[in-house]
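Structural description and commentary
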Amino acid sequence: MDVLGAQKPGDEGNKNKNKGKTPTKPKRYFAVSTGAPSEQSNVSSNDFSQKQKTKTVVDKQKNESLKQKHKGTKSKRHIADPGGKVKVFDLSSSKKMFQQQKREHYRMKAHHKEVEEDYRKKVDPFPGEAAIPADRLKKYQRGKLTTTKWARSKLAMGEIRKREKKMKAAVKQAARSEYLLTEEAGYLEGDDGTHTTNISQGDIVEAVDITSAQKHFELRLNEFGPYRAQYTRNGRFMLMGGAKGHIAAIDWLTKKLLCEINVMETIHDIQWLHQETMYAVAQKQWTYIYDNQGIELHCLKMVDSALRLEFLPFHFLLASSSSKGYLSWIDVSIGEKVAGHATGLGRLDVMCQNPNNATLCLGHSGGTVTMWSPNVKEPLVKMLCHRHGVRSIAVDPQGKYIATSGIDRKLKIWDIRNYKMLQSYQIGIGASSLAFSQRDMLAVSKGNIVEVYKDCCRQTVTSPYMSHRLPGSVLNVQFCPYEDVLGVGHERGFESLLIPGAGEPNFDALEANPFQSKKQRRQAEVKMLLDKIPADMIHLNDRIGEIDIKTFKQRIELTNSIKTLKPELMDYTPKYKMKGKNKGRKREQRKKGVVEEDQRKAVRREMKKKSDTARGNQHNQHRDSGNVLNRFERTQS
């Protein structure tokens, strides 16, 4: 009888042995049974089981060899996560586990997508831009906006509107970026019963940190004084010039000497140019330009007997005032003279510039202060500030106030916008030098004493903010930009004083960077040349882009008042000519020439008639007067 899947004796042990393992496909055995099992069937079944055991052992050995061969090199699969992470799936694990991990990955991906869509659908509780305080916007305003009322065309009107839109956006951006300014201005405050005037430099050096204490130093130079000092626009480098020919340029923060020379001539003034690579020196006869290695680059013979020098950085103009009363402007980018005016006001040894509009302010021996521009040969403004001669003047960085000191021992503060005196102080001696800081502190030199006044323009002060005595008479003072430092040049050298709260704590790296590299300096120099402002745009009031209505109307009236001669056109028909000379173009040329010649003759006749009439009237007046010399007599009122 045929039996399918018959169970052999002894299989119970194998069944128990394979219990707990992965079930395998059942095997089918075909055997013929006729009652009792025959001997042949037993032999065949035993052989088959022996072969099966041998095969199982061989398979196990193969698996063990494969495991040893691929040990530590499991095949893996990387799937990107929506959050930016990468998940690694082990393919050697079961297929069911891998599918579960894959489903979990896609489920999280869908969840992140839903969260992102929900976030986008949310409504902003504070729509629009954040409000900016009006006082902060006013702080960054640069004059009034240009009106489009007098635009000549729609294209010009559109350009004006675009420019004003950019200016408004720049003001808003500057006001918003003020939150990023982390530095704050310092100040000096005394204890109970102690005034800040009594605090000495030694006390300040002991109280501040090591870096700030190193900014206070003194250079004793007794042989070539008195000295003048000048800082660069970024406040990193300092130039010193002694009256007896000594010149030195140093990096005053690191105390590194750039160059040191002696020109063997009297030095009247020194001035940095647009970068720390060049500087100008007003010597005994001519003005010279040197580089930062002390090498002479130019000799400006057109600028002779100069007493004071000023450099306009945005116009690349070197202004000088001479002992002969001559004022000149030199364009250092092209090496040409832009303008020169003979003031006729005597020796010009007091001069400063207005940083707001680039005009020059001169002080004279008659007590007047004049303001000059290279476009006008006469002073733009002439103010009577003192009863006696003016010793020094200074203008604040915003161009609103001007401080003057005279021989009458008075210090006066004026408002340039309306030319009115705001404050008048009686000081012990006439101030030889004045200087404004970036935060409206005023330094005054009186003999060998330097006093610093705080907020002396807007209100009346009774005592100085700080005071310091030096070993020699002070020649000039200047505040270092972006530092709480005052440089003082005197008879016996130079001294750097610490004045808390004098400098601007935050600087614009695109405008003046104290820590710029050589590459940045070159790029800044190219940018300055590209943004150079012509000298024709130097005016007293900032009215660039506006139309001078009064002058325009006067010009129109003058044009209408002049009566031009318009003779009547003659009726002329050209004569017929042969051989191609009677073509239309030739005929019109002959006609035009004859008509124009007739007009010229008519104009000559009219002009002769007018001149004869005027000559006859003048002859009659002289004949009636009896004496032709009567016209030179003075008329009595």
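See the structure printed just above.
From a predicted model like this one, the values you see are computed outputs, not experimental measurements.

The four strands lie next to each other as β26-β27-β28-β29, forming an open sheet whose pairing is antiparallel. Of all the strands in the sheet, the pair left with one neighbour each is β26 (433–436) and β29 (466–469). Neighbouring strand axes in the sheet, compared pairwise and without regard to direction, differ in orientation by 15 degrees on average. The pairing of strand β28 (residues 449–454) with β29 spans four bridges and is antiparallel. Its bridge partner being in β29, valine 452 is matched across the sheet by methionine 466.

Here we come to a positive patch on the surface. A cluster of basic residues, Lys575, Lys577, Lys579, Lys581, Lys583, Arg585 and Lys586, forms a positive patch on the protein surface. With respect to the secondary-structure elements, lysine 575 resides in the loop between α9 (549–561) and α10 (584–625). Lysine 575 sits in the exposed class, given a relative accessible area of 65%.

Looking now at empty space enclosed by the protein. According to the stated counting rule, one finds two cavities of 30 Å³ or more in the structure shown. A volume near 40 Å³ is recorded for the largest cavity. Around the largest cavity, the lining residues are Met302, Val303, Asp304, Ala306, Ser320, Ser321, Ser322, Tyr326 and Ser328. Broken down by secondary-structure element, the contributors of at least two residues to the lining of the largest cavity are β13 (296–304), β15 (317–322) and β16 (326–331). By volume, the second largest cavity amounts to about 30 Å³. Around the second largest cavity, the lining residues are Gln201, Val450, Val452, Met466, Ser467, His468, Leu486, Leu497 and Ile499. Of all the elements in the fold, those that place two or more residues in the lining of the second largest cavity are β28 and β29. By residue class, the composition of the lining of the second largest cavity is six nonpolar, three polar and no charged.

Let us now look at the side chain of histidine 315. Along the chain, the position of histidine 315 falls in the loop between β14 (306–312) and β15. Contacts of histidine 315, omitting those with residues within four sequence positions, involve Asp331, Ala358, Lys532, Ile533, Pro534 and Ile538.

With 23 residues, helix α5 (residues 154–176) extends 33 Å from end C-alpha to end C-alpha; this agrees with the ideal 33 Å at 1.5 Å per step. Listed as buried for α5 are Ile160, Glu164, Val171 and Ala175. Those residues of α5 that are buried are in contact with α4 (134–139).

The next point concerns the environment of glutamine 438. One can find glutamine 438 in the loop between β26 and β27 (441–446). Placed 42 residues apart in sequence, glutamine 438 and cysteine 480 show a C-alpha to C-alpha distance of 8.9 Å. When sequence neighbours within four positions are dropped, the list of residues in contact with glutamine 438 reads Pro397, Pro481, Tyr482, Ala502, Gly503 and Glu504. A distance of 3.0 Å separates a polar atom in the side chain of glutamine 438 from the backbone nitrogen of tyrosine 482.

Attention now moves to the pattern of salt bridges. Tallying each qualifying case throughout the model produces 16 salt bridges. Residue aspartate 531 pairs with lysine 527 through a salt bridge whose shortest N-O separation is 3.0 Å. Given a relative accessible area of 49%, lysine 527 falls into the partly exposed group.

On to the nonpolar core. Core analysis: the largest hydrophobic core is formed by 31 residues, its most contacted members being Trp252, Val452, Val477, Phe479, Leu486, Val488 and Ile499. Counting residues per element, the ones that place at least two in this core are β6 (227–231), β7 (237–242), β27, β28, β30 (474–479), β31 (485–490) and β32 (493–498). With near-sequence residues (within four places) excluded, valine 488 lies in contact with Val450, Leu470, Val474, Asn476, Val477, Gly493, Phe494, Glu495 and Leu497. Counting residues in each nonpolar core, the second largest holds 16 residues, with Tyr401, Ile427, Tyr453 and Cys456 among its members.

Enumeration over the complete set of coordinates arrives at nine aromatic pairs. Between tryptophan 272 and tyrosine 279 the ring centres are 5.8 Å apart and the planes differ by 80 degrees, which places this aromatic pair in the edge-to-face class. Tryptophan 272 sits in the buried class, given a relative accessible area of 3%. Three or more aromatic residues joined by ring pairs make a cluster, and in this case those are Trp272, Tyr279, Tyr288 and Tyr290. Here the guanidinium or amino end of arginine 417 rests over the ring plane of tyrosine 401, the centre of that ring lying 5.8 Å away.

Before going further, it helps to examine the sheet that holds strand β8 (residues 246–251). Spatially, β6-β7-β8-β9 is the arrangement adopted by the four strands of the open sheet, whose pairing is antiparallel. If you trace the sheet from one side to the other, it starts and ends with β6 and β9 (256–262), each paired once. Averaged over all neighbouring strand pairs, the angle between strand axes comes to 15 degrees, with direction disregarded.

Our focus in this paragraph is unusual backbone geometry. Cis geometry is found at the peptide bond from glycine 225 to proline 226, where omega equals 0 degrees. Relative to the elements of secondary structure, proline 226 occurs in the loop between β5 (217–220) and β6. Positive phi is not limited to glycine here, since alanine 358 has a value of about 65 degrees. Assignment of secondary structure puts alanine 358 in the loop between β18 (351–353) and β19 (360–363). Even without a glycine there, the phi angle at tyrosine 419 is positive, about 55 degrees. Structurally, tyrosine 419 is set in the loop between β24 (410–415) and β25 (420–426).

Moving on, we get to the environment of threonine 370. Structurally, the position occupied by threonine 370 is in strand β20 (residues 368–372). It is 9.7 Å that separates the C-alpha atoms of threonine 370 and methionine 351, two residues lying 19 residues apart in sequence. A polar contact of 2.8 Å, which involves the side chain of threonine 370, links it to the side chain of tryptophan 372.

Reading the values: rules and limits
Residues numbered from 1 in each chain as written. Predicted model: local features only at pLDDT ≥ 70, side-chain atom pairs only at ≥ 80, totals over all residues. Heavy atoms only, no water. Pairing = 2+ DSSP bridges. Helix = DSSP H or I, 4+ residues; strand = E, 2+ residues; numbered from the N terminus. Axes fitted to C-alpha atoms, helices over the stretch in contact; angles between N-to-C directions. Patch = residues over 30% accessible without salt bridge, like charges linked within 9 Å, V, L, I, M, F, W, Y side chains within 5 Å. Areas by Shrake-Rupley, 256 points an atom, 1.4 Å probe, with all protein chains shown as cover. Salt bridge = Lys/Arg side-chain N within 4 Å of Asp/Glu carboxyl O. Lys, Arg positive; Asp, Glu negative; His and termini not counted. Charge placed at Lys NZ, Arg CZ, Asp CG, Glu CD. Buried < 20%, exposed > 50% of the residue type's maximum accessible area, 1.4 Å probe, protein only. 1 Å grid on protein atoms, 1.4 Å probe; cavity = no way out; pocket = protein on both sides within 12 Å on 5 of 7 lines; lining within 4 Å. Points joined across faces, edges and corners; volume = space filled by probe spheres on them. Nonpolar A, V, L, I, M, F, W, Y, C, P; charged D, E, K, R; others polar. Contact = heavy atoms within 4.5 Å. Expected span 1.5 Å × (residues − 1). Polar contact = N/O pair within 3.5 Å; in protein donor to acceptor, adjacent residues only side chain to side chain. Core = buried A, V, L, I, M, F, W, Y, C linked by side-chain atoms within 4.5 Å. Phe/Tyr/Trp six-rings, centres within 6.5 Å; stacked < 30°, edge-to-face > 60°. Lys NZ or Arg CZ within 6 Å of the ring centre and 35° of its normal.

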